[in-house]
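Coordinate inspection notes
Listed here are the chains, written in short residue letters.
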Amino acid sequence: MRERSRYHRALLPVTTNRTVLTALVALLMMQAPPRSASAEDVLALYVDPALALDVEGLRAGLAADLGYEVTFADEGAARLSIASREGGAELRYEDDGAARVRRVELPADPAEAGATLVLIGANLVRDPTDQLVGAAPEAAPAVPEPPREEVAPETPEPPVPSFAVQNPFRLSLGILAGAASTRSGVSGYWYLGLDLMGTVHPNISIGITRLSFGFGFSSVESFIFSLQGTPTLEVSAFVDPHVQAYGQIGVALQGRAQTAFREGYFQVAPFVGGGVRFWANDWITIGLEIGLDVVATDAFLMGEVELPQGSVAGSGALNVGFHF
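Just so it is clear, the model here is predicted, and its values are computed rather than measured. (Residues numbered from 1 in each chain as written. Predicted model: local features only at pLDDT ≥ 70, side-chain atom pairs only at ≥ 80, totals over all residues. Heavy atoms only, no water.)

**Description of the packing of aromatic side chains**
Note on aromatic pairs: each is described by the distance of the centres and the angle between the planes. Going by this rule: We call Phe, Tyr and Trp rings a pair once their centres come within 6.5 Å, taking the six-membered ring for Trp, and we label the pair stacked below 30 degrees between planes, edge-to-face above 60, and tilted otherwise. Ring-over charges, as used throughout, are those where CZ of Arg or NZ of Lys falls within 6 Å of the ring centre and within 35 degrees of the ring normal.
Following the criterion strictly, the structure yields 4 aromatic pairs and no others. Sitting over the face of the ring of Tyr246, Arg277 holds its NZ or CZ atom 4.1 Å from the ring centroid.

And the structure:
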């Protein structure tokens, strides 16, 4: 800049034609390198020592590019500061209270890194809106990733055991009513029955059902008494937490008391049935069921009705169960 000024002083006395002088000044203004908005002849520069660059070469490069003197200054007094940042550098230029900042990635080679800083630094001083041609793209500020929360694998909750497993023993009382086909026609009967069952598997129970005391009257044999019960195997499944469907199979066994004309004896009637049990809570149920008995021996007493061998008796029952 000072050499150009001396050139001006040497030329002006010789040039007396006003038109030529005006054209020459305009030509020199077009050829002069752009300046910053401050128009100062000295640029104060600070370079972070952590960059480990040739700072003298960087200063000289900026002076040559800008066309005026560049001197070193402390960080607080510098107008152009170059600070080290992770993966690159940050350039900050103070222009009359307004700061312009650029952040760039730097090549690994120190010489190339210095050349990059000269190019971008001079550009930042001249014009903040100028786009660099061929310069390395500026790196976006690194945003640290939030720490990943380690999520423990979900442990599936164990299935809740059914009511039948929680309270495996059942005592229920029911009223049974039915009809039987005999040689003389269809006869109806009813009686009260007691069930004693235990759950040995979530879907399997065993015990005695339809435990009852029977009696009847015959004009020939007078009063007839019996005690019966049905060893039963039950298979069930819950179609809802409060609804249990089940099927049963067993053999009704009956002991008959001695009468005036007959010795006491033992009777058998195979049984099959099924139903639905509704759980009001975990220890009370209401059941609806149907069953079918086939008399296998010479007779079987159902309530007050004596059924001969081969008779088929169908029944329905309503019972209330207590579970514990």
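**Looking at the pattern of salt bridges**
To keep it simple, the criterion reads: For this analysis, a salt bridge means a side-chain nitrogen from Lys or Arg found within 4 Å of a carboxyl oxygen belonging to Asp or Glu. The way it works is that DSSP assigns letters per residue, a run of H or I at least four long becomes a helix, a run of E at least two long becomes a strand, and they are numbered from the N terminus. The cut-offs for exposure are 20% and 50% of the maximum accessible area for each residue type, with area from a 1.4 Å probe on protein chains only; residues under the lower value are buried, those over the upper are exposed, and the others partly exposed.
In total, this model carries 9 salt bridges according to the counting rule given. Residues Arg170 and Asp195 are paired through a salt bridge, measuring 3.6 Å at the closest nitrogen-oxygen approach. Taken together, the residues span a long stretch of sequence, with Arg170 in strand E6 (residues 169–182) and Asp195 in strand E7 (residues 185–201) at a distance of 25 residues. Exposure class is identical for Arg170 and Asp195. Each is buried. Close ionic contact of Glu289 with Arg210 constitutes a salt bridge, the shortest N to O distance being 3.3 Å. Of this pair, Glu289 sits in strand E12 (residues 284–294) while Arg210 sits in strand E8 (residues 204–218), and the two are 79 residues apart along the sequence. Per residue, the accessibility class of Glu289 equals that of Arg210, and both read buried. Ionic contacts of the salt-bridge type, sharing partners, join the residues Arg170, Asp195, Glu234 and Arg277 into one network.

**Examining the confidence of the model for the chain**
Condition: Note: pLDDT gives the predictor's confidence per residue, expressed from 0 to 100. We call two residues in contact whenever any of their non-hydrogen atoms come within 4.5 Å of each other.
With 77% of its residues at a pLDDT of at least 70, the chain reaches an overall mean of 78. Of the regions scoring below 50 in pLDDT, residues 1–39 engages in 25 contacts with residues more than four places distant in sequence or in other chains. Contacts for the low-pLDDT stretch residues 130–137, under 50 throughout, to residues beyond four places or in other chains number 8 contacts.

**Concerning the nonpolar core**
To keep it simple, the criterion reads: Put simply, a nonpolar core is a bunch of buried Ala, Val, Leu, Ile, Met, Phe, Trp, Tyr and Cys residues held in one set by side-chain atoms that sit within 4.5 Å of each other.
By size, the foremost hydrophobic cluster in this structure holds 24 residues, and its most contacted members are Leu43, Leu62, Leu80, Ile82 and Leu117. Mapped onto this core, the elements with two or more residues apiece are strand E1 (42–47), helix H3 (55–66), strand E3 (80–85), strand E4 (88–95) and helix H4 (110–126). In terms of residues, this core owes the most to one element, H4, which gives 7 residues. Excluding residues that lie within four positions of it along the chain, Ile82 makes contacts with Leu45, Tyr46, Val47, Asp48, Leu51, Leu58, Ala89, Glu90, Leu91 and Leu117.

**Considerations on the sheet that holds strand E2 (residues 69–72)**
Selection criterion: Paired strands, as defined in this entry, are two strands with at least two bridges between them according to DSSP. Every axis in this analysis is a line fitted to C-alpha atoms, fitted for helices over the stretch in contact. Angles between the N-to-C directions lie between 0 and 180 degrees.
With mixed pairing, 5 strands are arranged side by side in an open sheet as E2-E1-E3-E4-E5. Edge strands, defined here as strands with exactly one partner in the open sheet, are E2 and strand E5 (98–105). Between one strand axis and the next, the sheet turns by 25 degrees as a mean value, whatever way the strands run. By the bridge criterion, 3 bridges tie E1 to E3 in an arrangement that is parallel. The residue bridging Tyr46 from the neighbouring strand is Ser81, located in E3. Together, E1, E2 and E3 form the strand contacts of H3, whose direction differs from that of E2 by roughly 155 degrees. Relative to the sheet, H4 contacts E1, E3, E4 and E5, its axis offset from that of E4 by approximately 25 degrees.

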